Structures are given as C-alpha cells and as structure tokens.
Amino acid sequence: MKSEVGSIFTLIGGILTLIGAVVLVFIGIIILSLSSLGDKIGGELPTYVVGWVLIAVFVLLVVAGILKLYASKLMKDKKTTLKGGILALILGIVVSDLFSLIGGIVGIVQGSRK
C-alpha cells in the first residue's frame, strides 16, 4: 500500500530542511566574511571556527534534505513504501524534523499493511 500522506509530510520536511540549509550557509558566509574584522566571538572562540562549523552543518542538512526527497519518492510506490518510511524516520531523528518523523511513521504503518 503506498503512502500519499507520509510522502507529503516527508516532502515538506525535505523542502524545509533544504531551505534551512540555504539560510544557514548565508549565516556562515556572513560570519566567515566578518572574521577578518574581529578575532573572536565572545572572547572565546575564533570566528572562522564558527563559520566552518556552520558550513559543515549546511552540508549535512543538504544531504539529509535530498535523502528526504528520495524517501518521499520511495513512499509513492507500493513495493518501497516501507523502505521510504524507515529512511524518513531515521532522517527525521537525525535532523530533528517533525514533518519527516510523522511521514516516516505513517509510511512504516502503511507499508507494513498488505
């Protein structure tokens, strides 16, 4: 049984994750560009470290967002609904995304039905 509802929830979660990643990369670029103006943020941590951490999180979010879109596509097929639901659930836990968690749970429930 295919999961339209789970697929839609996971698709929304993937799109929001990609939007969040784009916002985060702009913040990272701004911090990296401002790192030449000051040496430290709050006197403790060098600004370039914060910028590079934000860039690393951006890469993680982009990969997770693309995989969520793939999981959404998997849930539209009867044969791969369960696989897409499991993938969406795992990614929802890793990225703390409520939409993907709900979509993954719905996909698993509907995928386990015969």
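Nothing here was measured: the structure is a model prediction, and the numbers come from that model.

A. Region of the structure containing the packing of aromatic side chains. Per the stated rule, a full pass over the model turns up one aromatic pair. Summarising the aromatic geometry, the rings of Phe9 and Phe99 are spaced 6.1 Å apart at their centres and angled 25° between planes, so their arrangement reads as stacked. Residue Phe9 is located in helix H1 (residues 4-34), and its partner Phe99 is located in helix H4 (residues 98-112); the two are separated by 90 residues in the primary sequence. Overall, the relative accessible area of 26% leaves Phe9 in the partly exposed class. The class for Phe99 is partly exposed, based on a relative accessible area of 32%.

B. Spatial organisation of the side chain of Thr80. Its place among the elements puts Thr80 in the loop between helix H2 (47-74) and helix H3 (81-95). Taking relative accessible area as the criterion, Thr80 reaches 17% and is therefore assigned buried. The contacts of Thr80, once residues within four sequence positions are left out, are Leu74 and Met75.

C. Geometry of the environment of Trp52. Within the secondary structure, Trp52 is located in helix H2. With relative accessibility at 54%, the residue Trp52 sits in the exposed group. Counting along the chain gives 21 residues from Trp52 to Ile31, while the straight-line C-alpha distance between them is 9.1 Å.

D. Here's a closer look at the nonpolar core. Grouped together as the largest cluster of nonpolar side chains are five residues: Ala21, Leu24, Ile31, Leu54 and Leu61. For this core, the secondary structure elements donating two or more residues are H1 and H2. Looking at this core, the element that brings in the most residues is H1, giving three residues.

E. Main features of a nonpolar patch on the surface. Together, Ile8, Leu11, Ile12, Ile15, Leu16, Ile19, Val23, Ile27 and Phe99 make up a nonpolar patch on the protein surface, roughly 730 Å² of accessible area in all. Broken down by element, the residue count for the nonpolar patch peaks at eight residues, all from H1.

F. Summary view of H1. Helix length check: H1 (31 residues) gives 45 Å between terminal C-alpha atoms against 45 Å at 1.5 Å per residue, within 8%. All of the buried residues in H1 are Gly6, Ser7, Thr10, Gly13, Gly14, Thr17, Ala21, Leu24, Val25, Gly28 and Ile31.

G. Here's a closer look at H3. Compared with the 21 Å implied by 1.5 Å per residue over 15 residues, the 21 Å span of H3 between its first and last C-alpha is a close match. The complete set of buried residues in H3 reads Thr81, Gly84, Gly85, Ala88, Leu91 and Gly92. Looking straight down H3, one finds that the buried residues subtend no more than 135° of arc, so they occupy a single side. Across H3 from its buried face, at more than 90 degrees, point the exposed residues Lys83, Ile93 and Val94. Remark: Ser96 follows H3 within two positions and exhibits a positive phi of approximately 60°.

H. Layout of the side chain of Gln110. Mapped onto the elements, Gln110 comes out in helix H4. Sequence-distant contacts of Gln110, that is, excluding residues within four places in its chain, are made with Met1, Lys2, Ser3, Glu4 and Thr81.

Cut-offs applied
- Residues numbered from 1 in each chain as written.
- Predicted model: local features only at pLDDT ≥ 70, side-chain atom pairs only at ≥ 80, totals over all residues.
- Heavy atoms only, no water.
- Phe/Tyr/Trp six-rings, centres within 6.5 Å; stacked < 30°, edge-to-face > 60°.
- Helix = DSSP H or I, 4+ residues; strand = E, 2+ residues; numbered from the N terminus.
- Buried < 20%, exposed > 50% of the residue type's maximum accessible area, 1.4 Å probe, protein only.
- Contact = heavy atoms within 4.5 Å.
- Core = buried A, V, L, I, M, F, W, Y, C linked by side-chain atoms within 4.5 Å.
- Patch = residues over 30% accessible without salt bridge, like charges linked within 9 Å, V, L, I, M, F, W, Y side chains within 5 Å.
- Areas by Shrake-Rupley, 256 points an atom, 1.4 Å probe, with all protein chains shown as cover.
- Salt bridge = Lys/Arg side-chain N within 4 Å of Asp/Glu carboxyl O.
- Expected span 1.5 Å × (residues − 1).
- Arc of directions from axis to C-beta.

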